[in-house]
Structures are given as structure tokens and as C-alpha cells.
Amino acid sequence: MRALLLRDLRLALRAGGGFGLGLAFFLIVTVLVPFSVGPQSELLGRIAPGVLWLGALLACLLSLDRLLALDWEDGTLDLMATAPLPLEAVVTIKALAHWITTSLPLVLAAPVLGVLLNLPTAGFLWLVVSLLLGTPALSVIGTFGAALTVGLKRGGLLMSLLVLPLYVPTLIFGAEAARRGAAGMAVETPLLMLAGISAATLALLPFASAAVLRVNLR
Amino acid sequence: MSIWEYANPKKFLTTSERVMPALWVSAAVLCTVGLIWGFFFTPDDYRQGSTVKIIFLHVPAALIAINAWFMMLVASLIWVVRRHHVSALAAKAAAPIGVVMTLIALITGALWGQPMWGTWWEWDPRLTSFLVLFLFYLGYIALWEAIEDPDTAADLTSILCLVGSVFAVLSRYAVNFWNQGLHQGASLSLDKEENVADAFSNPLYVCMVGFGLLFLALVLYRTGTEIRARRMRALMLRERMQA
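All of these numbers come straight from a predicted model, not from anything done at the bench.

Asks: Tell me about the overall build of chain A, and name the residues and values.
Replies: Looking only at helices and strands, one finds eight helices and zero strands in chain A. The order of α-helices and β-strands along chain A, N terminus first, is α-α-α-α-α-α-α-α. In summary, chain A has a C-alpha radius of gyration of 18 Å against a globular reference of 17 Å for 218 residues, a match within 12%. When its C-alpha atoms are laid out on the principal axes, chain A stretches across 55 × 35 × 30 Å. Among the 218 residues that make up chain A, the fraction classed as buried is 53%.

Asks: Residues and numbers for the overall build of chain B, please.
Replies: Each helix and strand in chain B was counted, giving six helices and zero strands. Out of the 243 residues in chain B, the part that is buried amounts to 43%. Of the accessible surface of chain B, which amounts to about 12900 Å², a share of 66% is contributed by carbon and sulfur atoms.

Asks: Any details on the UniProt feature "transmembrane region" (unreviewed entry) in chain B? Residues and values, ideally.
Replies: Residue and element names in this part refer to chain B. The UniProt entry lists residues 21–42, 54–81, 93–113, 125–144, 156–175 and 203–223 under the feature "transmembrane region" (unreviewed entry), expressed in the numbering used here. Span residues 54–81 is 96% helix and 0% strand, its end C-alpha atoms 41 Å apart. Segment residues 156–175 splits into 100% helix and 0% strand. End C-alpha atoms: 27 Å apart.

Asks: Mind laying out the interface of chain A and chain B, listing which residues take part and the relevant values?
Replies: Taken together, the contact between chain A and chain B spans 27 residues of the former and 26 residues of the latter. Taking both sides of the interface into account, the surface hidden between chain A and chain B amounts to around 2200 Å²; carbon and sulfur atoms contribute 86%. Area buried by chain A at its contact with chain B is led by Pro165, Leu166 and Ile172 of chain A, which between them contribute 21% of it. Viewed at the interface, chain B and chain A are joined by zero residue pairs in polar contact (both at pLDDT 80 or more). The set of elements that each furnish at least two residues to the side of chain A that touches chain B consists of α6 (123–148), α7 (156–183) and α8 (188–217) of chain A. The element best represented in the side of chain A that touches chain B is α7 of chain A, accounting for twelve residues.

Asks: Would you mind going over the side chain of Thr108 of chain B in detail, with residue names and values included?
Replies: Residue and element names in this part refer to chain B. With respect to the element layout, Thr108 can be found in helix α3 (residues 85–117). On the accessibility criterion, Thr108 (6% relative accessible area) is buried. Other than its neighbours up to four places away in sequence, Thr108 contacts Ile54, Leu57 and His58.

Asks: Can you lay out the state of the cysteines for me, pointing to particular residues and giving the numbers?
Replies: Evaluated as defined, the whole model comprises zero disulfides over all chains. No disulfide involves Cys31 of chain B; its sulfur sits 6.7 Å from that of Cys207 of chain B, the nearest cysteine.

Asks: With reference to specific residues and values, describe the environment of Val212 of chain A.
Replies: Structurally, Val212 of chain A can be placed in helix α8. Taking the C-alpha atoms as reference, Val212 of chain A lies 12 Å from Leu68 of chain A; in sequence the two are 144 residues apart. In this structure Val212 of chain A touches Phe144, Ala147 and Leu148 of chain A together with Leu156 and Ile159 of chain B, once residues within four positions along its chain are discounted.

Asks: How would you sum up the side chain of Thr223 of chain B? Please name residues and give values.
Replies: Following the sequence through the fold, Thr223 of chain B ends up in helix α6 (residues 198–242). Among all residues touching Thr223 of chain B, those that are not within four sequence positions of it are Phe12, Val86, Leu89, Ala90 and Ala93 of chain B.

Asks: Any details on α7 of chain A? Residues and values, ideally.
Replies: Residue and element names in this part refer to chain A. Maximum bend of α7: about 40°, positioned at Tyr167, with proline Pro169 one to four residues after it. Of all 28 residues in α7, 20 are buried, a share of seventy percent or more. Directly after α7, the chain includes Gly184, whose backbone phi takes a positive value near 75°.

Asks: Can you tell me about the nonpolar core, naming the residues and giving the values?
Replies: One finds Phe144, Tyr167 and Leu213 of chain A together with Met72 and Leu143 of chain B to be the most contacted residues of the largest nonpolar core, which totals 108 residues. Residue contributions to this core peak at 13 residues, all from helix α3 (residues 41–73) of chain A. Of all hydrophobic cores here, the second largest spans eleven residues; its members include Phe12, Leu213, Ala217 and Leu220 of chain B.

Asks: Which residues make up unusual backbone geometry, and what values go with them?
Replies: Despite not being glycine, Asn118 of chain A has its phi angle at roughly 60°, a positive value. We classify Asn118 of chain A as partly exposed; its relative accessible area is 38%. Positive phi outside glycine occurs at Arg83 of chain B, with the angle close to 55°. By the element assignment, Arg83 of chain B lies in the loop between α2 (55–82) and α3. Arg83 of chain B sits in the partly exposed class, given a relative accessible area of 39%.

Asks: Break down the packing of aromatic side chains for me, with residues and values.
Replies: All names here are of chain B. On inspection of all chains with the given rule, the structure shows five aromatic pairs over all chains. One aromatic cluster in this structure is built from Trp69, Phe136, Tyr137 and Tyr140. Across the ring face of Trp79, the terminal group of Arg83 is positioned such that the distance to the ring centre comes to 4.5 Å.

Asks: For a nonpolar patch on the surface, give the residues involved together with the corresponding values.
Replies: Residues and elements named next belong to chain B. Where nonpolar side chains cluster on the molecular surface, the patch consists of Trp24, Val25, Val29, Val33, Ile36, Trp37, Phe39, Phe40, Phe41 and Tyr221 and spans about 1000 Å² of accessible area. Considering every element that reaches the nonpolar patch, the biggest residue donor is helix α1 (residues 9–40), with eight residues. Positionally, Trp24 belongs in helix α1. A residue is classified by how much of its surface remains accessible, and Trp24, at 32% relative accessible area, is partly exposed.

Rules used in this analysis
- Residues numbered from 1 in each chain as written.
- Chains lettered and ligands numbered in written order.
- Predicted model: local features only at pLDDT ≥ 70, side-chain atom pairs only at ≥ 80, totals over all residues.
- Heavy atoms only, no water.
- Helix = DSSP H or I, 4+ residues; strand = E, 2+ residues; numbered from the N terminus.
- Rg over C-alpha atoms; globule rule 2.2 N^0.38 Å.
- Buried < 20%, exposed > 50% of the residue type's maximum accessible area, 1.4 Å probe, protein only.
- Areas by Shrake-Rupley, 256 points an atom, 1.4 Å probe, with all protein chains shown as cover.
- UniProt positions renumbered as here; feature names shortened; annotations may be inferred.
- Contact = heavy atoms within 4.5 Å.
- Buried area = accessible area lost by both parts, 1.4 Å probe.
- Polar contact = N/O pair within 3.5 Å; in protein donor to acceptor, adjacent residues only side chain to side chain.
- Disulfide = S-S within 2.5 Å.
- Bend = angle between axes of the 7 residues up to and from the residue.
- Core = buried A, V, L, I, M, F, W, Y, C linked by side-chain atoms within 4.5 Å.
- Phe/Tyr/Trp six-rings, centres within 6.5 Å; stacked < 30°, edge-to-face > 60°.
- Lys NZ or Arg CZ within 6 Å of the ring centre and 35° of its normal.
- Patch = residues over 30% accessible without salt bridge, like charges linked within 9 Å, V, L, I, M, F, W, Y side chains within 5 Å.
- Salt bridge = Lys/Arg side-chain N within 4 Å of Asp/Glu carboxyl O.

Here it is as C-alpha cells:
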């Protein structure tokens, strides 16, 4: 398991894995927002938590395309399926590697970009906490979407269509927690819901992903 | 005699063809009667005026939209557990009907909301849930269309339907938490004092039953088409093998 994780991490860090692409995309989205809504810093501060959450979500979505497709193309996925490791574990490791290489940098970059959007001081901590709690769900759900569309040519667009409605609850609770944090309100309820969603998806969705992958490898 | 006999496509086709004429006729009669009764023979509401009459399209469509998804969920479960092909094809056949019903509910809602709430669209929990449901339908249909092999497609879409159902319910609650909304409470319920006045509810019931029968007829009809399409595909494959 550790070998697989390290392999995925190494692949992502070297060329081809698209590490940094998500980060660059996140930066671009955040920088473009003030150009599109105008430079009023008071307004920007109000929408900052939502914009940052949306940017992180889209950046996460961007990199899902490669999560399984490369391994599918060169046949590595078939080998993994026949390896002694259960496919559920493979999928979970893949999601974990995706989280470490894509979502974790986004979480770390979010406060810096928050400065650009004039995020209120109280909001920084809760933005990071909500992203930390919410992004695992994004990665796991994304892995399910990637597994669904892995056999398709140009499945990327279809995958976005499939994954986006599944992202709705996570986005709602995540952005709500960050927004309440920034406004200085109580954040426990959305944070707990967010953690619950992450925990539940982490516990259950790998089974669905593995089942879907088995169908695709048949 | 068990219900699983109808998993035999031949048996399904002969039986459904026997039932369908009656279904079509009763659906047509009930829809016509209900809609005409509703549109022309009910009084105007004292506050909403004549716009209230859109309820006779809006509520049955919304009802069918949700129940079509529920039917797809059940059919997908049957396919996953017992692998009856008719079940998978019935789920496939129901999706486009569901998406049209969702669209009807959204559009009639917007037409009603404009004069009543002063807005075409409001990010209200129910409206938002229906938009999410619409996206789920689109994704489901797109996945069916994208995959060549019918068995693979049936497997993948049914798992998507199962996972999607959980997330649809979750979204419903998330959206409720997110915005309290404008939409009125349930218009019809068995356990409440305040229901829509009888003058409105009677034609509404007729419309709801009519839409339900219409849905049933459409699903049977479309499932039959899907079965024939699959049969044709099999024949063509066999021919290509022999050539």
C-alpha cells in the first residue's frame, strides 16, 4: 500500500502528473474574480470564502481527469486489479494521493489567496479548517467519477457533469462554514456536517468506485 | 407465477402490450378531464388570481419527476442484485421522462413565480433541489449514451443511480440548511388541517393520477422500444459474426 502511495506521489511530482496545474488554476480563478466583479474590497471580502471554496473545487475537478486515465492507458490498472491488494484499497490510496498532491497544496495556498481577496482576519482559520475537512470528500467523490468514466474516450467533460451534482452538499457546507467563520458566527454545525460527509464518503464510496472499476476492467 | 416472470422480455412485451391501450386511454381521459376541469372550471384564488391554476401542471409534474427517479433507483437495485435485463432497460427508459417532468416543473414554477414572487428564479431549497435533480438526470442519461456495451452501461448507470440517490437526499438537506426559502409548504397532506381548498384539490387529484398513468404508459412503451432495440443489436452483431 505504501509503495503504491509513494509511486503515485512520485509520478505526480515529476512531469506528467499535473502537480501544480491545480494550484495555478486556483491562482488564476482567484485573480480573475476581482476583474470580473470590480475592485470594491468590501464586496470582495464578503464573497471571498465562497470564491475560494469554488476555486478549490474547480481546481480539484481539473486534475481528476488524470487520476486513473494514465494508469488505464498503459495497463497499470489491470495489474493493480490482479494484485493481492483489494481494489477498494487501491482506489482509496489513489484518492489519498490525489488529495495530497492536489487538495493539500490548495488548502495551504488558500490563506495566501485570501489576502488577495481581502478576506476578513477572522475567516482565515475557518477557511483552512473547512477546506481541510471538506477536500477529502472532493477527492473521494472525484475518484468515483474518474472510475465511472475511465474507459471512455474524452470522458473528462462527462465526468464533470457526473461529479458536479455530487459536489453540491460538500460545497454548501464547506463554503457556509468558511462564510460563517469570516462573519464571526458559530461554525460548529456546518463543520460537523462537512466532517460527516468526508467520513461517510471515505467509508462508503471506495466500494462503489471499486465496483465501477471492476465493471470497466471486465 | 411470480413477478420475476416479467423479467423475460417476451413475456414482458406481450403483457405490457395487452395493458397499454387501457393505460393510454385512461391516462388521456384523466389528464384531459383534470386539466380542463382545473383550468376552466375552478374559481380564481382570492390572492393569486388565475395564476393558481398552473398548480394542475406543476404539482403532478414535480411528483412524477421525483417518483421517476425513485423508480429508477428500485430498477437499478433489481438490476444490481438479480440482473434482470428488463429492469435495467426500464430504468433507462424512465430517465428521459423524468428529465422532461423536471423541466416542466421548473418552467411552470418560473412562470408562476414571476408574477407571484416577482422573480423567475429564486435560490430556494425546493427550486435548487429540482435543479440538482435535473443535473442528476442529465448525467445519468449522458452516461447511458456514452457507453457502447449495454451491459457495462447498465452496470455503471445503476451504480451511479444508487450513489446519486444518496447524494440527492443529502443535497436536499444541505440546501434546506443553506437557505430557508420562499416556497410554500406541501399543498396536500393527510395529516394537516390546512390543505388546498377542495375546489382545487379534486381536479388536482385527477391530474396526479392521470400523470401517474401517463408515466406508467410511457415507461412501458419506452421499455418495449429498448427491448426491441437490444434485440436488433443482437441480431446485427450475429449477422456481422457470420459474414
